[in-house]
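# Notes for the structure review
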Amino acid sequence: MNNSKLKGRTRAQESSSAIERIYITMRHLFNRGFYKPMGVSGETLREALLLLRPEIYGSIAEEKAEIDGLLYVIDRLPIGIEQCRFINLTSDEGYSKSHFEPIIPPKRRRNCYRIDDEQMNIEITRGRSDIYDILTHLTFLFIESHKICRRVLINEQGDTIRDWEKLETAVLKNKKLAQDEREVAISHAATILGRTFEEVLDVYNTFSTKKNPERFLQIIYWLGKLALREEVQGEKRAITFSPVLRERIGHHIHGEIWANNIKRILKENNLLHRPIHIISANMHSVMNSIFAPIALAKEAKDKDELEIFEALSKESSKTYQDKVFKAAQKCGMIYIKDESGANINVQIFDTAKIDFTRSSFNFNEDLKEEEKPVLFVMDYAFGEQAYETIDEFLKPYKPNGKSEFLNICSVSVMGKAGILEGGKGDIMIPSAHIFEGTADNYPFENELKKADLGGEGLEVFEGSMITVLGTSLQNKDILKFFHESTWNVVGLEMEGAHYQKAVQSASRIRRSISKDVKVRYAYYASDNPLETGSTLASGGLGTSGVKPTYLITQKILEQIFNS
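My aim in this report is to walk through the structure given alongside it, one point at a time. Just so it is clear, the model here is predicted, and its values are computed rather than measured. (Residues numbered from 1 in each chain as written. Predicted model: local features only at pLDDT ≥ 70, side-chain atom pairs only at ≥ 80, totals over all residues. Heavy atoms only, no water.)

### With respect to the overall build of the protein
Broken down by element type, the protein carries 18 helices and 15 strands. On the principal axes, the C-alpha backbone points of the protein span a range of 80 × 55 × 55 Å. For the protein, the residues scored as buried account for 55% of the 563 residues in total. Of the contacts made within the protein by residues no fewer than 6 positions apart, 77% connect residues no fewer than 24 positions apart. Here the protein displays about 25,000 Å² of accessible surface, and carbon together with sulfur accounts for 47% of that area. Across the protein, 75 positive and 80 negative side-chain charges occur, with their mean positions spaced 2 Å apart. (Helix = DSSP H or I, 4+ residues; strand = E, 2+ residues; numbered from the N terminus. Buried < 20%, exposed > 50% of the residue type's maximum accessible area, 1.4 Å probe, protein only. Contact = heavy atoms within 4.5 Å. Areas by Shrake-Rupley, 256 points an atom, 1.4 Å probe, with all protein chains shown as cover. Lys, Arg positive; Asp, Glu negative; His and termini not counted. Charge placed at Lys NZ, Arg CZ, Asp CG, Glu CD.)

Here you go:
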């Protein structure tokens, strides 16, 4: 028993050490300005990732290719990156004003530009977490590409197996394949990947797009092609960091522009000194919670609110979504589309302009106008960007050198997180945020309690949450340690410690906001990385995320309106 515990602990310590090495190496390579991922300079990164074996990357340490992990990564990187030898990470350096068309990955809000056949530029405006995220995914991609290379390469002269030649013929046709042609190509791809025909067939369509139905074959081909050129011809792939990015990173440049623009708009609308409640959430749950019953009164007849919210979450419900958006605008909602590069849009709701008698919320109409709350809803930040944006927003507004302090009454954070007990859709209520890889921990009094969210058919867990350096770097051993040790960790996410760090520094040290500011944190489970088949790579939440999203949102709003 003791030996078993010691063994598990040792593996957790190895994993923790691997994560630390990954981040130290990434910082070193960033400061250096360039590196070759499959060369000597990238060796430490590769070795640490293979030692860590994160759950999201599945079989990365095995000879067979990892397909689910590949889909997860490809969705977060720009289309065509597998064809590029040179990847250049830049700051916002004016490419939006050029002829280059921005490429935005489906699952990450970042602008990317295909400069030529061999080069992809990726714009970094969301801080170091964005760099860590990209470098981790690229390391996985290059490791997988060399697995393909090893399976198809026969000798040092560059001769390849028959399956590779057949795959190349299918891909270079550059056209939609007939079903029989596709299945022949899939058969060859399965052999190359060390997977069964059925496994490849099952994921084939998930990679496809309307413009490119054969995208899976092309990704496998180009990953292998560049790895072969690297191995046989010495044409090394390289990742570079632009001088401007290296100069700007960590200086809150985008966060400062973002915050000052919002404070200017609040000032212009006489809202700067009203009671302000910050809510970090998505761009629909607060708006829908207040205005869906108003805008969709006829459609909501004989239906409960959850049915309406589920309908609004579907892509096919654009007509309903537009009606709610227009109803919100008529009631004074200010929508601020981000132009700072932070990629965080904002909605501002002045409750003095909302007729709550038509909504499902109780609201104290006896309050004077200057006492009525202003809801400041910001889209999700990414990792360290949460500190950059909130830290800047909580500073006094100084348009003419004179400080104007904001009346910040509460900060609420509603988001997705990995859960360590329970399943997708369940809820976590943190009592503290622990910052992974450091001694930093942030205990706080959470206004949201387990009792507030219980009794709704969802499991609710209360305890500490760990703010990880990257969700793609977690493995079962280190997560089990956090969950089973006295840290009592119930889940993991990427922003909590950064939000709380900004709130505490503003309220306790800088005194730019009241020390009595209230905080609310609640997360719903997007995955359980301790369960096989329940990681982020296994797919999205679907409609199972609707109920916890709106339950948390409504509890946050109820507390704000009744405070």
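### Quick look at the nonpolar core
Of all hydrophobic cores here, the largest spans 89 residues; its most connected members are Leu89 and Phe216. Counting residues in each nonpolar core, the second largest holds 46 residues, with Ile265, Phe376, Ala381 and Ala417 among its members. (Core = buried A, V, L, I, M, F, W, Y, C linked by side-chain atoms within 4.5 Å.)

### As for the packing of helix 5 (residues 162-171) against helix 6 (residues 179-193)
Running from amino to carboxyl end, helix 5 crosses helix 6 at an angle of 135°, the nearest separation of the two axes being 9 Å. Taken together, helix 5 and helix 6 sit at an angle that is classed as oblique. The two elements helix 5 and helix 6 cross, and the hand of that crossing is left-handed. In contact with Arg162, Asp163, Trp164, Lys166, Leu167 and Ala170 of helix 5, helix 6 contributes Ala185, His188, Ala189, Thr191 and Ile192. For the contact of helix 5 with helix 6, a count of residues per class yields 6 nonpolar, 2 polar and 3 charged. (Axes fitted to C-alpha atoms, helices over the stretch in contact; angles between N-to-C directions. Parallel < 35°, antiparallel > 145°, perpendicular 65-115°, else oblique. Left-handed = near helix turned anticlockwise from the far one by under 90°. Nonpolar A, V, L, I, M, F, W, Y, C, P; charged D, E, K, R; others polar.)

### A word on the sheet that holds strand 1 (residues 34-35)
Reading across from one edge, 1-5-2-4-3 is the order of the 5 strands in this open sheet, with mixed pairing throughout. In this open sheet, the two strands that pair with only one neighbour each are strand 1 and strand 3 (112-114). Note that strand 2 (residues 86-90) and strand 4 (residues 119-123) share 5 bridges and pair parallel. Following the sheet pairing, Asn88 is matched in strand 4 by Asn121. (Pairing = 2+ DSSP bridges.)

### Examining the side chain of Gln347
One can find Gln347 in strand 8 (residues 346-350). At 3.0 Å, the side chain of Gln347 forms a polar contact with the backbone oxygen of Met283. What Gln347 contacts, discounting residues up to four positions off in sequence, is Met283, Met287, Met333, Ile334, Tyr335, Leu375, Phe376 and Val377. (Polar contact = N/O pair within 3.5 Å; in protein donor to acceptor, adjacent residues only side chain to side chain.)

### Description of the packing of aromatic side chains
Across all of its chains, the model carries 21 aromatic pairs by this definition. Here the aromatic rings of Phe361 and Phe561 are separated by 5.5 Å at their centres, their planes lie at 80°, and the arrangement is edge-to-face. Note that Phe361 is positioned in the loop between strand 8 and strand 9 (374-378) and Phe561 in helix 18 (residues 546-561), a separation of 200 residues in sequence. Residue class for Phe361 comes out buried when judged on its relative accessible area of 7%. Aromatic side chains Phe376 and Phe393 sit 4.4 Å apart centroid to centroid with 10° between the ring planes, which places their arrangement in the stacked category. Residue Phe376 is located in strand 9, and its partner Phe393 is located in helix 14 (residues 385-393); the two are separated by 17 residues in the primary sequence. A single burial state applies to Phe376 and to Phe393, both of which are buried. Each residue in the set Phe356, Phe361, Phe363 and Phe561 is aromatic and connected to the rest through ring pairs, giving one cluster. (Phe/Tyr/Trp six-rings, centres within 6.5 Å; stacked < 30°, edge-to-face > 60°.)

### Some details on the pattern of salt bridges
Oppositely charged side chains can form a pair if their charged atoms are brought close together. This structure, assessed with the given rule, holds 31 salt bridges. Lys225 is paired through a salt bridge with Glu168; the nearest N and O atoms lie 3.6 Å apart. With Lys225 in helix 8 (residues 215-233) and Glu168 in helix 5, this pair connects stretches of sequence that are 57 residues apart. When salt bridges that share partners are traced, they join Arg85, Glu118, Arg229 and Glu235 into one network. (Salt bridge = Lys/Arg side-chain N within 4 Å of Asp/Glu carboxyl O.)

### As for the packing of helix 11 (residues 285-295) against helix 18
Interaxial distance between helix 11 and helix 18 falls to 9 Å at its minimum, and their mutual angle equals 70°. Taken together, helix 11 and helix 18 sit at an angle that is classed as roughly perpendicular. Facing helix 11, whose interface residues are Ser285, Val286, Asn288, Ser289 and Ile290, helix 18 presents Thr549, Tyr550, Thr553, Gln554, Leu557 and Phe561. Classifying every residue of the contact of helix 11 with helix 18 by side-chain character gives 5 nonpolar, 6 polar and no charged.

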